Amino acid sequence: MAVNDECKLKFLELNAKRNHRFIVFKIEENAQEVIVEKLGNPGETYGDFTKCLPANECRYAVFDYDFTTDENCQKSKIVFFAWSPDTSRVRSKMLYASSKDKCKRMLDGIQVEFASNRSE
């Protein structure tokens, strides 16, 4: 499974410049390649992000999560999501599961990982 160069470029923009709040990645099955499907503007929220995840299809995504610590310090972590809803095709679930590690390796700087089948 190849990872399109645009995926790496947009991730670097999110990681270094904070040009995006999130990126949703899709596997183009015909080309056997991971591509960028959606970019979230810096002002978008987690709710906006979850609305971009399809109800019946798998996706990878990264989200730039801002939070405040107990010591009142502003922090940010880049979270990787492996989105695999129960209603997605079995073949799709297997394809996304088997290529997840390669995709993550190409996106250097991920700090937290979640696997989810619900948008909550």
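Right above here is the structure, for reference.
This text gives an overview of the structure that appears in the document. On a predicted model such as this, the values are computed, not experimentally measured, just so you know.

Conventions and cut-offs
Residues numbered from 1 in each chain as written. Predicted model: local features only at pLDDT ≥ 70, side-chain atom pairs only at ≥ 80, totals over all residues. Heavy atoms only, no water. Pairing = 2+ DSSP bridges. Helix = DSSP H or I, 4+ residues; strand = E, 2+ residues; numbered from the N terminus. Core = buried A, V, L, I, M, F, W, Y, C linked by side-chain atoms within 4.5 Å. Buried < 20%, exposed > 50% of the residue type's maximum accessible area, 1.4 Å probe, protein only. Contact = heavy atoms within 4.5 Å. Salt bridge = Lys/Arg side-chain N within 4 Å of Asp/Glu carboxyl O.

1. A short note on the pairing of strand E4 (residues 59-68)
Piece 1. Taken together, the four bridges between strand E2 (residues 22-28) and E4 define a ladder with antiparallel strand orientation. Considered in E4, the bridge of Val24 is made with Ala61.
Piece 2. With 10 bridges connecting them, E4 and strand E5 (residues 74-83) associate as antiparallel partners. Looking at E5, one finds that Arg59 is bridged to Trp83.
Piece 3. A loop of five residues connects E4 with E5, the two strands running antiparallel in sequence, and Asn72 in this loop sits at a positive phi of about 65°.

2. What to know about the nonpolar core
Piece 1. Ile23, Phe25, Val34, Tyr60, Val62, Phe80 and Leu107 are the most contacted members of the largest nonpolar core, which totals 19 residues.
Piece 2. Of all the elements in the fold, those that place two or more residues in this core are helix H1 (5-17), E2, strand E3 (33-40), E4, E5 and helix H3 (90-106).
Piece 3. Leave out the neighbours within four places in its chain, and Leu107 touches Cys7, Phe11, Phe25, Val62 and Phe80.
Piece 4. Core analysis: the next-biggest nonpolar cluster, separate from the first, contains nine residues, Val24, Phe49, Leu53 and Ala61 among them.

3. As for the pattern of salt bridges
Piece 1. Applying the stated rule across the entire model yields 10 salt bridges.
Piece 2. In this structure, Glu113 engages Lys104 in a salt bridge whose closest nitrogen and oxygen atoms are separated by 2.4 Å.
Piece 3. Taking the relative accessible area as the measure of exposure, Lys104 reaches 24% and is therefore partly exposed.
Piece 4. What emerges from the salt-bridge pattern is a single network uniting Glu29, Arg89 and Arg91.

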